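Geometric and topological summary
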Amino acid sequence: MGFILAQISRYVTAFLFAVYTFYCYSAFARKNIDRKEKVFRTQRTLIVMILTICSIVIMVENKDFVKYGVLYALELAFVVFFTHIYQIFYKGLSKLVLNNMMMCMVIGFIMLGRLQYSYAIRQLLMAALAMGVCLLVPLFIERFTIWEKLGWQYALVGILFLMLVFVIGQEHYGSRNWIAIGGFSLQPSEFVKIIYVFFIAARLTKITTPSKAAELTSKEKFKHIIIISIVAAVHVVILVVEKDLGAALIYFIAYLFILYAATMQVFYLGLGIGGGSLAAIVAHRLFSHVRIRVLAWRDPWGHIDNEGYQICRSLFAIGTGGLFGMGLGQGMPETIPVVESDFIFSAIAEEMGVIFSVCLILVYLSSYIMFVNIAMKMKKRFYKLTAFGLSIVFIFQTFLCIGGVTKFIPSTGVTLPLISYGGSSIITTIVIFSIIQGMYVLNGKDESRM
């Protein structure tokens, strides 16, 4: 019974998710507000349908309707409650961004519940906590005007927080990038990347806003950019020393693109790419863990018993799944090391299929397009640069994760936003979505007052 149900559901879920993805892009073209609202309501219905179908399959597969039935009820309550309450606190928000956030979290709940019941419960609790706290984001953004005035304070807090790992840090999978507080483990780099973007946006706003830039000479502007670049580089160097290569790359790329957006100088972009390429060569020569990851990327099959085992298992899983997947519970994702976090995309491809996986990538891409669109609509330069910077952090992390598990690039050990298991990861991503939504809501209020 479970096998038959899993086989039927893989086609149904692929179709439903494809329809959802189609609506993500058709919403861009629709100008009529009523038609747009109908699209968003349909998307919310599809989210519930996918959650329900997959939850039933997991119940049957595990032969435990009580435990997994409770899990389904909690997940459904989470989706319904926070979809409703979020729109009350964020009046005038982007409903497509909200729907995409919910859809990605639901996929995460499904896959984690399939892998291990405790993963799904903990992820659900962390998501609920983050969503609850983020209901206050619009209030903080609207009531406090100090965010733009701070600059070096963000950098100081961020650097000190990153350096905590050298004092009370723990090593996970070769990287010393975790700290344990009161029985809870968290990654400082996940939280710091938000205030890191705030730091860059605040400092660059001070020297690129037309009214303020007119008071500075070209040499003074360049001097300020050099100082900001040095402080940004300190963040990156700390992460490299921690062996948190994925986070280091995200921080570097975020700074590079925010700087380009603020100055529109191709020179800085080219200089950053050249410097980054040189740093990558130096890191490859100096650090053994970098050489190991490059070796596993270049020839995983030749080192399948050691360095290349993880990526080989990932490619086997993706290839085995085919277009529609093997069905929930029918694959062997447990054989992939760290499948619940860094390599969860491989599990999705194996059991849900390539079509489902491609749709997921397109959903991420539609969220990024909306983030950039929101950033472009911002009137305040600080909000514009912050929203754009957070959008780069989001999409580049997605690229690193999916690129690593598919052998497109060397694996960097980053999580898939909103889906991978981990409190630090899901809380940070929900905060990123909420900050962008909060700025968008405030921008709309400012325009209505004009």
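As a reminder, the structure under discussion sits directly above these lines.
Residues numbered from 1 in each chain as written. Predicted model: local features only at pLDDT ≥ 70, side-chain atom pairs only at ≥ 80, totals over all residues. Heavy atoms only, no water.

1. Quick look at the overall build of the chain
Worth spelling out the cut-off: The helix count covers DSSP runs of H or I at least four residues long, the strand count covers runs of E at least two residues long, and both are numbered beginning at the N terminus. For the radius of gyration, the atom set is restricted to C-alpha positions; the globular benchmark scales as 2.2 Å times the number of residues to the power 0.38. We call a residue buried when its accessible area falls under 20% of the maximum for its residue type, exposed when it is over 50%, and partly exposed in between, using a 1.4 Å probe and counting protein chains only. Any pair of residues with heavy atoms lying within 4.5 Å of one another is described as a contacting pair. Only the protein chains shown count as cover for residues, and the accessible areas themselves come from Shrake-Rupley with a 1.4 Å probe.
Secondary structure assignment for the chain yields 19 helices and three strands. Here the chain has a C-alpha radius of gyration of 22 Å; the compact-globule value for 450 residues is 22 Å, and the two agree. Judged by the C-alpha coordinates and their principal axes, the chain covers about 75 × 55 × 45 Å. Relative to its 450 residues, the chain shows a buried fraction of 52%. A separation threshold of at least 6 residues defines the contact pool for the chain, and within that pool the share at least 24 residues apart is 73%. With an accessible surface of roughly 19900 Å², the chain has 69% of that area assigned to carbon and sulfur atoms.

2. Overview of the packing of aromatic side chains
As a reminder of what qualifies: Here a pair means two rings of Phe, Tyr or Trp (six-membered ring of Trp) with centres within 6.5 Å. Their orientation is stacked below 30 degrees between planes, edge-to-face above 60, and tilted elsewhere.
Enumeration over the complete set of coordinates arrives at 24 aromatic pairs. A ring pair is formed by Tyr364 and Phe394, whose centres lie 5.7 Å apart and whose planes are at 55°; its orientation type is tilted. With Tyr364 in helix H17 (residues 354–377) and Phe394 in helix H18 (residues 381–405), the pair connects residues that are 30 residues apart, well separated along the chain. For the pair formed by Tyr364 and Phe394, the shared burial category is buried. Here a set of aromatic residues connected by ring pairs shows up, and it is made of Phe78, Phe81, Phe82 and Phe109.

3. Focus: the side chain of Arg10
Operational definition: In summary, the charge assignment counts Lys and Arg as positive and Asp and Glu as negative, without counting His or the chain termini. The salt bridge definition used is simple: a Lys or Arg side-chain nitrogen within 4 Å of an Asp or Glu carboxyl oxygen. Here a polar contact is taken to be a pair of N or O atoms separated by no more than 3.5 Å, where protein atoms must pair a possible hydrogen donor with a possible acceptor and residues adjacent in sequence count only if both atoms sit in side chains.
By secondary structure assignment, the location of Arg10 is in helix H1 (residues 2–29). Although Arg10 is buried, it makes no salt bridge; Glu351 carries the closest opposite charge, 11 Å away. Within the structure, the side chain of Arg10 is placed 3.0 Å from the side chain of Gln7, a separation counted as a polar contact. Engagement of the side chain of Arg10 in a polar contact is seen with the side chain of Tyr11, the distance being 2.9 Å. Those residues within four positions of Arg10 in sequence are excluded, and the remaining contacts are Phe324, Gly325, Met326 and Gly327.

4. As for the pattern of salt bridges
Counted under the stated rule, the structure contains five salt bridges. Here Arg44 ties to Glu37 by a salt bridge, and the two come within 3.4 Å at their closest N and O atoms. Exposure remark for Arg44: the relative accessible area of 18% places this residue in the buried category. Owing to a relative accessible area of 22%, Glu37 belongs among the partly exposed residues under this scheme. With its nearest N and O atoms 2.7 Å apart, the salt bridge here joins Glu351 to Arg114. Here Glu351, found in helix H16 (residues 344–352), pairs with Arg114, found in helix H4 (residues 95–115); they are 237 residues apart in sequence, far enough to count as distant.

5. Focus: the packing of H4 against helix H5 (residues 117–134)
Applicable threshold: An axis is simply a line fitted to the C-alpha atoms; with a helix, the fit covers only the stretch in contact. Between two such axes, the angle follows the N-to-C directions and lies from 0 to 180 degrees. Between 65 and 115 degrees an angle is taken as roughly perpendicular, under 35 as roughly parallel, over 145 as roughly antiparallel, and anywhere else as oblique. Side-chain classes are defined by residue name, with Ala, Val, Leu, Ile, Met, Phe, Trp, Tyr, Cys and Pro counting as nonpolar, Asp, Glu, Lys and Arg as charged, and the others, Gly among them, as polar.
Between H4 and H5, the least distance of the axes is 6 Å, while the angle of their chain directions is 155°. Looking at the two axes, H4 sits roughly antiparallel to H5. Listed contacts from H5 to Met101, Met102, Met105, Phe109, Leu112, Gly113 and Leu115 of H4 are Tyr117, Tyr119, Ala120, Gln123, Leu124, Ala127 and Met131. Its residues placed into classes, the contact of H4 with H5 shows 12 nonpolar, two polar and no charged.

6. Overview of helix H2 (residues 33–62)
Quick reminder of the rule: Here a helix's expected span is defined as the number of its residues, less one, multiplied by 1.5 Å.
Under the 1.5 Å per step criterion, the end-to-end length of H2 is 44 Å for 30 residues, consistent within 8% with the ideal 44 Å. Note on H2: the residue one or two positions beyond its end, Lys63, has a positive phi of about 55°.

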